[in-house]
Amino acid sequence: IQIEEGSAARIRGINFVGNKVFDDKVLSSTFQLRPTHFTSFYKNDDKYSREKLQGDLERLRSQYMDRGYVNFSVNSTQVTLSPDKKDVFIDINVSAGEQFKFGEIKISGELPAAEDLLKRCLLIRKDDIFNQAGITSTTKLMTRRLGNDGYIFAEVNGVPDIHNDTRVADVTFFVNPGKQAYVRRVNFSGNMKTDDNVMRREMRQHEGALASSEKLDLSKLR
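From a predicted model like this one, the values you see are computed outputs, not experimental measurements. (Residues numbered from 1 in each chain as written. Predicted model: local features only at pLDDT ≥ 70, side-chain atom pairs only at ≥ 80, totals over all residues. Heavy atoms only, no water.)

Novice: Tell me about the packing of aromatic side chains, and name the residues and values.
Specialist: All chains considered together, the criterion is met by six aromatic pairs. Note on Phe16 and Phe31: the rings are 5.5 Å apart at their centroids and 80° apart in plane angle, and the pair reads as edge-to-face. With a gap of 15 residues between them, Phe16 in strand E1 (residues 10-17) and Phe31 in the loop between helix H1 (24-29) and helix H2 (40-43) connect regions that are remote in the sequence. Each member of the pair, Phe16 as well as Phe31, carries the same accessibility label: buried. Note on Phe102 and Phe130: the rings are 5.1 Å apart at their centroids and 40° apart in plane angle, and the pair reads as tilted. (Phe/Tyr/Trp six-rings, centres within 6.5 Å; stacked < 30°, edge-to-face > 60°. Helix = DSSP H or I, 4+ residues; strand = E, 2+ residues; numbered from the N terminus. Buried < 20%, exposed > 50% of the residue type's maximum accessible area, 1.4 Å probe, protein only.)

What follows is the structure, given as structure tokens:
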């Protein structure tokens, strides 16, 4: 098998088609891949990679979804190689749709903690611009709050209900707390120098007690 690799093709241009919301420079700034520039010789960010392009498309989606464009879609992505196989041109066809706001925000499912306590974890409000990152952060905060009460395997899912006619998205957070977990044993692995009792006195999570996400993190920090 005789192989002639040649030189790596470099990106000469990234073009956004159908973009009417953001400036192309704003969208380009979210990408890891960049057209050749004066620092590319050591950053190597102008070399085409399919994996990096997929990651950039996800960041592009977040750019729109976090600003209310819930119906955003990438209609097509075309990668073109120049005849001399040295230059790559990327065309991304996007459709943003209309901007949405949050509607009713509800918490549903089994609620082991008081609903008011979980409502304090809400990082989104009615009539705010739709923000997917806010939904994700809220689910993480609720999961952590439940973990502090022993429900360390709790699952929280934020599900938006899109109303295209009113451009409103209702969001319901479905809570599945699971069962409370207790700590049976605390074991240390990989410690070769420090006495076990020295390690244990720094623990804030104790054996026989309810597992707590906060105490576990504090113990690791100490």
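Structure shown, so let's carry the discussion forward.
Novice: Just give me the short version of the nonpolar core, but keep the residues and values in it.
Specialist: Phe130, Ile135, Met142, Leu146 and Phe173 are the most contacted members of the largest nonpolar core, which has 21 residues in total. Ranked by the residues each element gives to this core, the list is headed by strand E6 (residues 168-176), at four residues. Ignoring any residue separated from it by four or fewer positions in sequence, one finds Phe130 in contact with Met65, Asp66, Arg67, Gly68, Val70, Phe100, Lys101, Phe102, Ile135, Pro160 and Ala169. (Core = buried A, V, L, I, M, F, W, Y, C linked by side-chain atoms within 4.5 Å. Contact = heavy atoms within 4.5 Å.)

Novice: Give a detailed account of helix H5 (residues 132-147), specifying residues and quantitative values.
Specialist: In an α-helix, one full turn covers 3.6 residues, which means residues spaced three or four apart are oriented alike. Over its 16 residues, H5 extends 23 Å from the first C-alpha to the last, a length consistent with the 22 Å expected when each residue adds 1.5 Å. Looking only at H5, the buried set comprises Gly134, Ile135, Thr138, Thr139, Met142, Leu146 and Gly147. Between the side-chain oxygen of the N-cap and the backbone nitrogen of Ala133 there are 3.0 Å, and the N-cap of H5 in question is Asn131. (Expected span 1.5 Å × (residues − 1). Polar contact = N/O pair within 3.5 Å; in protein donor to acceptor, adjacent residues only side chain to side chain.)

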